[in-house]
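# Topology and contacts: notes
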Amino acid sequence: MTIQQLQYILEVQRTGSVSRAAKKLFVSQSGISTCIAGIEAELGFAVFERTRQGMIPTPRGMHVLEHAAKICMSYSD
């Protein structure tokens with residue numbers, strides 16, 4: 001996983017939406033979706049549950065997102 005991938009999933013968590021995250025990050029919606037699919041394939045489990053209300057982190061996904069936030073914070077320091 002790259003820092004960029006971690007930033008993408010954190011933005012999806014913040015916005016609750018792939019399309020809103022893509023707009024905020026100035027990338028394509030398909031780029032974010034591909035990133036999430038790659039991370040989930042690498043981890044072997046879903047990070048987000050896709051619902052009508054948006055992207056909701058799974059319990060295991062919350063653990064990943066917590067670590068992603070720490071890594072991104074330490075990277076930006």
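Structural data are supplied above this passage.
As a starting point, this report considers the structure included with it. (Residues numbered from 1 in each chain as written. Predicted model: local features only at pLDDT ≥ 70, side-chain atom pairs only at ≥ 80, totals over all residues. Heavy atoms only, no water.)

## Some thoughts on the overall build of the chain
In plain terms, the rule: Only DSSP runs of H or I reaching four residues or more are called helices, and only runs of E reaching two or more are called strands; each is numbered from the N terminus. Accessibility here uses a 1.4 Å probe with only protein chains present; expressed as a share of the type maximum, an area under 20% marks a residue as buried, one over 50% as exposed, and anything in between as partly exposed. Residue contacts follow a heavy-atom distance rule, with two residues in contact if any of their heavy atoms lie within 4.5 Å. In summary, the charge assignment counts Lys and Arg as positive and Asp and Glu as negative, without counting His or the chain termini. Taken as the charge location is NZ of Lys, CZ of Arg, CG of Asp or CD of Glu.
A tally of helices and strands in the chain yields four helices and two strands. Along the chain, helices (α) and strands (β) appear in the sequence α-α-α-β-β-α when read from the amino end. Taken along its principal axes, the extent of the C-alpha atoms in the chain is 35 × 25 × 20 Å. The 77 residues of the chain split such that 36% are buried. Long-range pairs, those at least 24 residues apart, make up 43% of the contacts in the chain with a sequence separation of at least 6. The average position of the 8 basic charges and that of the 6 acidic charges among the side chains of the chain differ by 8 Å.

## Observations regarding the pattern of salt bridges
Opposite charge on two side chains allows them to pair when their charged atoms are near. How we decide: Any Lys or Arg side-chain nitrogen located within 4 Å of an Asp or Glu carboxyl oxygen qualifies as a salt bridge.
Tallied over the full model, the rule gives two salt bridges. Of the charged contacts in the structure, one is a salt bridge between Glu11 and Arg14, with a shortest N-O distance of 3.7 Å. Of this pair, Glu11 and Arg14 both sit in helix H1 (residues 3-15), three residues apart, which is roughly one turn of the helix.

## Considering the packing of aromatic side chains
Note the following rule: A pair of Phe, Tyr and Trp rings is counted when the ring centres sit within 6.5 Å of each other, with Trp represented by its six-membered ring. The angle between the planes then sorts it: under 30 degrees is stacked, over 60 is edge-to-face, the rest tilted. When the NZ atom of lysine or the CZ atom of arginine is within 6 Å of a ring's centre and also within 35 degrees of its normal, the charge is said to sit over that ring.
Tallied over the entire structure, the rule returns zero aromatic pairs. Stacked on the ring of Phe45, the Lys or Arg Arg60 has its end atom at 4.1 Å from the ring centre.

## Describing the environment of Met1
Positionally, Met1 belongs in the segment before H1. Note: C-alpha distance between Met1 and Arg60 (59 residues apart in sequence) is 16 Å. Once residues within four sequence positions are removed from consideration, Met1 is found in contact with Leu6, Ile39, Glu42 and Leu43.

## As for the packing of H1 against helix H2 (residues 18-25)
For any two helices packed against each other, one specifies the inter-axial angle together with the distance between the axes. Formally: A fitted line through C-alpha atoms represents every axis, and for helices the fit uses only the stretch in contact; the resulting angles, taken between N-to-C directions, go from 0 to 180 degrees. Should an angle fall under 35 degrees it is taken as roughly parallel, and over 145 as roughly antiparallel, whereas 65 to 115 is taken as roughly perpendicular and any remaining angle as oblique. We call a crossing left-handed when the near helix sits turned anticlockwise from the far one by less than a right angle, and right-handed when that turn is clockwise. Under this grouping Gly is polar, as are all residues other than the nonpolar Ala, Val, Leu, Ile, Met, Phe, Trp, Tyr, Cys and Pro and the charged Asp, Glu, Lys and Arg.
At a minimum axis distance of 8 Å, the contact between H1 and H2 shows a crossing angle of 120°. Judged by the angle between their axes, H1 and H2 are oblique. Crossing of H1 over H2 shows right-handed handedness. Counted together, Gln7, Tyr8, Glu11, Val12 and Thr15 of H1 and Val18, Arg20, Ala21, Lys24 and Leu25 of H2 form the full contact between these two elements. A class-by-class count of the residues in the contact of H1 with H2 yields five nonpolar, two polar and three charged.

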